[in-house]
Amino acid sequence: MNPLLRESGQELDYAAISVDHIRGACDSAIQHAESTKQKILAAPDGQKWGRLYGFDDYFDHINQILGPLELLNEVRPDLSETCQVCITRLHNFLDETFLDESLFRALKAFQMTFATMTGAELILMERLLFAFQRNGLQLPEQQRQVFRALSQEITQLELAFQHAISDDATKLTFDQSDLLGVPENVCAHHKQADGSYVFPLVAPSVLPLLTFAECESTRKTTYLAYLNKAAPSNIDTLETLLQKRYEKAHLLGYETYADYELAEKMAQTPHNVNQFINDLHSKSHNKAKKDLEFILDKFELKALEPWNKSYYFEKARRAFYSVDQMAYRAYFPLEKVLAFLFQQSETLFDVSVCKADLPVWHESVRSFEVFQDKKLIARFFLDLHPRTGKYSHAACFGLSSGKETGTGYRTPEAALVCNFLPGQGDEPCLLTHDEVETVFHEFGHLWHQLLTQCPFSLLAGTSVLHDFVETPSQFFELWAWRKDSLKAMSAHWQTGEPLPDEMIERLLVSDRFNTGIDLQQQLFYSALDMAYHAVPIKKKLDTTAVIAKLQGEMTPFPYVENTHFQAGFGHLVGYAAGYYGYLYSRVFAEDLAEMVRQVLDQPGGPSVKELGRRLRKYLFGPGGGEDPHHILRALLGRDPDPNALLKRLAIVG
């Protein structure tokens, strides 16, 4: 029995999956989709269930296999090679689907004959028709062949780019004298038998070095290595990828790849995105300038080198805001934070979160089930600590989407993959406040995936317009910045005492420190993504030269020679021409968060459960089956405030 070929809603035995199972599931998914295709073509033109819902079934057969494989590709190094082959094959199959004229004619015939559809049905039909168009169906046959080859090459390049990042085995070796100031728990985690300290190039290892190491040479060595992760191999991969993406878009008549991608996003055009970026940049310029002047003045520096940035920002938080990350870390045991998050989620969404004993892919992974009125409605997994060869950042992986089936609504499943250093000795896993915020962010994605009520798997959960997808996750960070929440989720790991009021107040005040520089850094990433994708690339683009120019224009810090940040910028795959979406979504998220703060702080106002019902109905439930503009108006009672983010960051009043 192949565990990947489970019945709808059935548990998946991750521990039992083998290479042969992956290959067999890939074959089966394609065969099942082909069988469904015949049913679609045989259905009467005006039959909703046979045509429109049949299309959802068709893609669902593929995505039910793709979801687990994309997770295993990142968390099981022993299976990743086979996963990559099968992921490529399934994506190529999906690309071929949108070149199938018989399926396109079947969908058009349904559109012409069926007059009454729900909002989600209309959105699905429009997205599918547009997908046929943007995937080359209307091209002449010879050009279709070129388009098909480009799509396949792009998929392979994207997988190669991602894996060069996760497979980078570079390690930095330091002596104890190099690590003065670095927290003991971090050093202990990296100590070797010979007394040296070895740090891999992953965020949980690198960030403490940049933030706390008193030795500047340690910080510089770390910075230079981290900004050369996956270089030089990924530079050539990226530059080839950018050229192929442009060729694909140009073949369809788009001026740039960004035009191609943005045609189905809220922002719609590169002009609108660049205007959004430039507007935020100009409004944050003075704040960023003051942020830098503050650091230079207080520490009597002539300049602030990029590798010293995190170190002096942390020193400033300690010296002028009395916020010491390590002191706060002692109050945030992972288990206490999770217990609060579960309790808050249960109250807000009227659900119960229960530990489960589901099969997992590694012994450290934990499983949970979500119930409402004693009925199972979702499952999720937490894979929270680093391992060799594991995905090195934080992400939510959808494993099985919600979907209306003949036997009821299918149980959605998702996994959170993070990298928090485990405890050492008697000390449990403790989180910095930044990591607490990360937990809430990723749980926002998780609840978006699990609380979906959309009938179509293609639109369920996080399958929303890409520049809206970060709205629920960034909104959910609200609970990491409320005084009552911080009190409830904190307990000193030795004394059990909650975070003192004075420390909470200092933390909240410090939240507005350095916001100009932080925002400009995010704007630089967004502008870099657009600079790579919003230009015609008729010959290979020098991606390093683009960084060297943009970094000095967009941030207070000049480019450092012989660094290649782009080689490790993994978002250039999943967020191509879409990185701006983090800030675009955050405008919406901050506006929603302010509305919720006012509700929660209003004496005698709506209860948390009433608030949760509205959030679940409008934000977490519809998935992509509702227009994001309608969602925002329903919750806010108005159009979003474009200055919501700037107000939150104290950049405008």
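Residues numbered from 1 in each chain as written. Predicted model: local features only at pLDDT ≥ 70, side-chain atom pairs only at ≥ 80, totals over all residues. Heavy atoms only, no water.

1. Quick look at the overall build of the chain
What the chain contains, in helices and strands, is 26 helices and nine strands. Each principal axis of the C-alpha atoms in the chain carries an extent, and together these give about 75 × 60 × 55 Å. Total accessible area on the chain is roughly 26900 Å²; 49% of this is exposed by carbon and sulfur atoms. In the chain, the 64 positive side-chain charges and the 85 negative ones have mean positions that sit 3 Å from each other. (Helix = DSSP H or I, 4+ residues; strand = E, 2+ residues; numbered from the N terminus. Areas by Shrake-Rupley, 256 points an atom, 1.4 Å probe, with all protein chains shown as cover. Lys, Arg positive; Asp, Glu negative; His and termini not counted. Charge placed at Lys NZ, Arg CZ, Asp CG, Glu CD.)

2. Here's the deal with helix H3 (residues 77-97)
One full turn of an α-helix is made of 3.6 residues, so residues set three or four places apart face in the same direction. Here H3 contains 21 residues, and its C-alpha end-to-end distance of 30 Å stays within 8% of the 30 Å for a straight helix at 1.5 Å per residue. Roughly 30° is the biggest bend found in H3, and it falls at Cys-83. (Expected span 1.5 Å × (residues − 1). Bend = angle between axes of the 7 residues up to and from the residue.)

3. Thoughts on the sheet that holds strand E5 (residues 375-383)
With mixed pairing, the five strands of this open sheet are ordered in space as E3-E4-E5-E9-E6. Edge positions in the sheet fall to strand E3 (352-356) and strand E6 (395-400), since each of these pairs with one other strand and no more. For this sheet, the mean inter-axis angle between neighbouring strands, taken without regard to orientation, is 25°. Two strands pair when backbone bridges link them, and strand E4 (residues 366-372) and E5 are joined in this way by seven bridges, in the antiparallel orientation. Within the sheet, the bridge partner assigned to Glu-369 lies in E5 and is Arg-379. Here helix H2 (residues 52-75) sits on the sheet in contact with E5, E6 and strand E9 (413-417), set at roughly 140° to E6. Contacts from helix H15 (residues 334-349) reach E3, E4 and E5 within the one sheet, and its direction differs from that of E4 by about 20°. (Pairing = 2+ DSSP bridges. Axes fitted to C-alpha atoms, helices over the stretch in contact; angles between N-to-C directions. Contact = heavy atoms within 4.5 Å.)

4. With respect to the packing of aromatic side chains
Per the stated rule, a full pass over the model turns up 49 aromatic pairs. Each ring, one from Phe-342 and one from Phe-443, has its centre 5.9 Å from the other, and the planes form 65°; the classification is edge-to-face. Here Phe-342, found in helix H15, pairs with Phe-443, found in helix H16 (residues 433-450); they are 101 residues apart in sequence, far enough to count as distant. You'll find Phe-342 and Phe-443 in the same group, each marked buried. Ring plane angle 80° and centroid distance 5.6 Å describe the contact between Tyr-584 and Phe-588, whose orientation is recorded as edge-to-face. Separated by four residues within a single helix, Tyr-584 and Phe-588 lie in helix H23 (residues 581-600), roughly one turn from each other. Chaining the aromatic ring pairs together yields one cluster made of Phe-340, Phe-342, Phe-349, Phe-368, Phe-380, Phe-440, Phe-443, Trp-447, Phe-475, Phe-476, Trp-479 and Phe-620. Of note, Arg-134 hangs over the ring of Tyr-260, and the distance from its end group to the ring centre comes to 3.9 Å. The positively charged end of Lys-298 is found above the aromatic ring belonging to Phe-320, 5.4 Å away from the centroid. (Phe/Tyr/Trp six-rings, centres within 6.5 Å; stacked < 30°, edge-to-face > 60°. Buried < 20%, exposed > 50% of the residue type's maximum accessible area, 1.4 Å probe, protein only. Lys NZ or Arg CZ within 6 Å of the ring centre and 35° of its normal.)

5. Section: the environment of Gln-156
With respect to the helices and strands, the residue Gln-156 is situated in helix H6 (residues 141-166). Gln-156 sits 436 residues away from Leu-592 along the chain, and the two C-alpha atoms are 39 Å apart.

6. Observations concerning the packing of helix H12 (residues 270-298) against helix H20 (residues 515-533)
In the contact formed by H12 and H20, the axes pass within 8 Å of each other and the chain directions differ by 150°. Here H12 is positioned roughly antiparallel relative to H20, judged by the angle of their axes. Crossing of H12 over H20 shows left-handed handedness. Each of Pro-270, Val-273, Asn-274, Ile-277, Leu-280, His-281, Ser-284, His-285, Lys-287, Ala-288, Asp-291 and Leu-292 in H12 lies in contact with H20, whose residues at this interface are Thr-515, Gly-516, Ile-517, Leu-519, Gln-520, Leu-523, Ser-526, Ala-527 and Met-530. Split into classes, the residues belonging to the contact of H12 with H20 amount to 11 nonpolar, eight polar and two charged. (Parallel < 35°, antiparallel > 145°, perpendicular 65-115°, else oblique. Left-handed = near helix turned anticlockwise from the far one by under 90°. Nonpolar A, V, L, I, M, F, W, Y, C, P; charged D, E, K, R; others polar.)

7. Focus on the pattern of salt bridges
Counted under the stated rule, the structure contains 43 salt bridges. Residue Asp-484 pairs with Arg-482 through a salt bridge whose shortest N-O separation is 3.2 Å. Take Asp-484: its relative accessible area is 46%, and that puts it in the partly exposed class. Of the residues examined, Arg-482 reaches a relative accessible area of 10% and is grouped as buried. Between Lys-549 and Glu-553 there is a salt bridge; the shortest N-O distance is 2.9 Å. With Lys-549 and Glu-553 both in helix H21 (residues 543-554) and four residues apart, the pair spans about one turn of that helix. (Salt bridge = Lys/Arg side-chain N within 4 Å of Asp/Glu carboxyl O.)

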